[in-house]
Amino acid sequence: MTTVSAYESNEHSSISMYFQIDDGWKLRTGKGVSVAVIDSGIDTSHTDLQGKVKESVEAGADNKRVVFDKSDTGDSAGHGTACAGIISRIAPDAEFYSIKVLGAGGLGDGIAFLAGLEYAIKQRYQIINLSLGTTKPQFFAPLHDLLDRAYQSGCIVVAAANNLPQPSFPSVFSSSLISVSKHEDADPFNFGFRYGEVIELTAPGVNIHTAWLNNSYKSLTGNSFACPHIVGIIALLLEKYPELTPFQVKSALYAIAQENLDKNKVKTADQSNPSE
Amino acid sequence: MSDDEIKNLEIKLRSIVETIDVANALTAPLTLSIENLLRISAAEINSEEASVIVRDGDAGDLRFMSAVGKVAEHLKTLKIPSGKGIAGFVFSSGQPMAITDVGAENTFYAEVDKQTGYSTQTILATPLRHDGEIIGVLEYINRIGEPPFEPFTSAEMDKVALFAEAIASLVNAYESAKLFRDLGDKMLSADEKLKLEEMREWIKNLRETNEHKEMIDLALIVRELAGRGDAERQMCKGILESVLQYSDTKTETSFLSL
């Protein structure tokens, strides 16, 4: 059982219970939870993903507007398939929706990316995986607006940080989305939360063995691959507690990460004092 | 062509040639600096091949602008079609990534390996950004030594991001200078009213004038000073701005006659 607190406890204040979640969520499979992957497409024929992708759309230009049509072009780079593969390993029964914005011909990267996010919010997908970002200042305001709309619509947007010196959007918008960077530990349930940091969550993102093009597998490193781990975790949580709001999901992740931290401390202490 | 038209054209051409030569004088060391940084960064992360990949044309294709390593010269002749390979993805997504087991069949890298005779096994690629725009990709391939190679680590990815920031500034300066040169070449070749041989002779003469040589010398002195540190740079800027200001107030009097 995890108690999600209303506020941080310290020597001056006591814990006020917000809500409780039991550990049963860890046994769920993400059944019926809709997950949008805004990326380079998904290879629907990959063994790990067969039958799991409910719809694939692709960005296209129509008289200066971005439109989304059904797509059968699969994945142009492998990245979207890799992200979906990671989510699927944690939440094998989640429903995938591929929104292809990379490799879609003739469109500027940021424009298609924004349109893809807007499309996903309109479709009200429960979780949106954004293993992409932009540092272009002109996209700051429109992305901020879209993220607020997602928050108000109950869509949980999870974005990968970039590991470059410049901030990237939307991962630095900490209020209305969940942002993730990589850590070395491989256990998807042992994710971390860095309260007060711009990028709050950490999840596995180093040497992740996952699906790739041509029904193959690759070992990948990057924040891109930490993001889908958290998406998978949220899919399990939402199957068990479908009524959770984005704020409650973030609070729950924080509480679970605190428990992980405590467990890791005990584990480290046990390893350094084996005789005790 | 009237005398006035010829005079106007000469002024325009003079300006183009001066711009091209100053740009060349200032940016020639850039390619060397980029290669040096590539070598240093590759050694830092124990990588065998390092390259800078930039946009090639408007269709989203990429080309190798600079490379160091065993197959560097061959790489510089290659182009990467839009969206292909890890570099193509990193360029369009802005997300750094590392990947192992790259050279499997039917991939872009398998094709490149066929041409170079190289065996690409592990890659680390990170975007080069300038003013929020992605202007290229910094890519490292394989480790020094014999395969199988250890995958690139998370710490190495973070380290390379710092090199990327410095390299991006140099690449941006180089690409800007190249644009100048290309534009100048286009303008020169577009004018059909002057015979090409005559124009070449005219440009040759212009470049031999003392005025032109002095301008290039001045540019080189500024570059030399700028590289010596903040204090020198600030002082040089202050002096040159004062000279400009003073010159503005003395428009009708020769500077030297004062």
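In what follows, the structure referred to is the one given above.
Residues numbered from 1 in each chain as written. Chains lettered and ligands numbered in written order. Predicted model: local features only at pLDDT ≥ 70, side-chain atom pairs only at ≥ 80, totals over all residues. Heavy atoms only, no water.

Time to look at the pattern of salt bridges. Residue and element names in this part refer to chain B. As enumerated under the stated definition, the model contains 19 salt bridges over all chains in all. The salt bridge involving Arg-63 is made with Asp-56; its shortest N-O contact spans 3.6 Å. Pair check on accessibility: Arg-63 and Asp-56 agree, each one buried. Here the salt bridges share partners, and the residues they tie into one network are Glu-35, Arg-39, Glu-73 and Lys-76. (Salt bridge = Lys/Arg side-chain N within 4 Å of Asp/Glu carboxyl O. Buried < 20%, exposed > 50% of the residue type's maximum accessible area, 1.4 Å probe, protein only.)

Every contact between the two is made by 36 residues of chain A and, on the other side, 31 residues of chain B. Of the roughly 2,500 Å² buried at the junction of chain A and chain B (both faces included), carbon and sulfur atoms supply 52%. Linking chain A with chain B are one salt bridge. In this structure, the salt-bridge partner of B:Asp158 is A:Lys182, at a minimum N-O distance of 3.5 Å. Between the two partners, chain A and chain B, sit five residue pairs in polar contact (both at pLDDT 80 or more). Per element, the largest residue contribution to the side of chain A that touches chain B is five residues, and it comes from strand β13 (residues 216-221) of chain A. By residue class, the composition of the side of chain A that touches chain B is 13 nonpolar, 17 polar and six charged. (Contact = heavy atoms within 4.5 Å. Buried area = accessible area lost by both parts, 1.4 Å probe. Polar contact = N/O pair within 3.5 Å; in protein donor to acceptor, adjacent residues only side chain to side chain. Helix = DSSP H or I, 4+ residues; strand = E, 2+ residues; numbered from the N terminus. Nonpolar A, V, L, I, M, F, W, Y, C, P; charged D, E, K, R; others polar.)

Quick look at the packing of helix α1 (residues 79-90) of chain A against helix α4 (residues 227-240) of chain A now. Residue and element names in this part refer to chain A. Contact geometry of α1 with α4 gives a least axis separation of 8 Å together with a crossing angle of 35°. In this structure, the crossing between α1 and α4 has a hand that is right-handed. Side by side, α1 and α4 meet where Cys-83, Ile-86, Ile-87 and Ile-90 of the first sit next to Pro-228, His-229, Val-231, Gly-232, Ile-233 and Leu-236 of the second. Class assignment of the residues belonging to the contact of α1 with α4 gives a composition of eight nonpolar, two polar and no charged. (Axes fitted to C-alpha atoms, helices over the stretch in contact; angles between N-to-C directions. Left-handed = near helix turned anticlockwise from the far one by under 90°.)

Treat this as a map of the structure, not an account of what it does.
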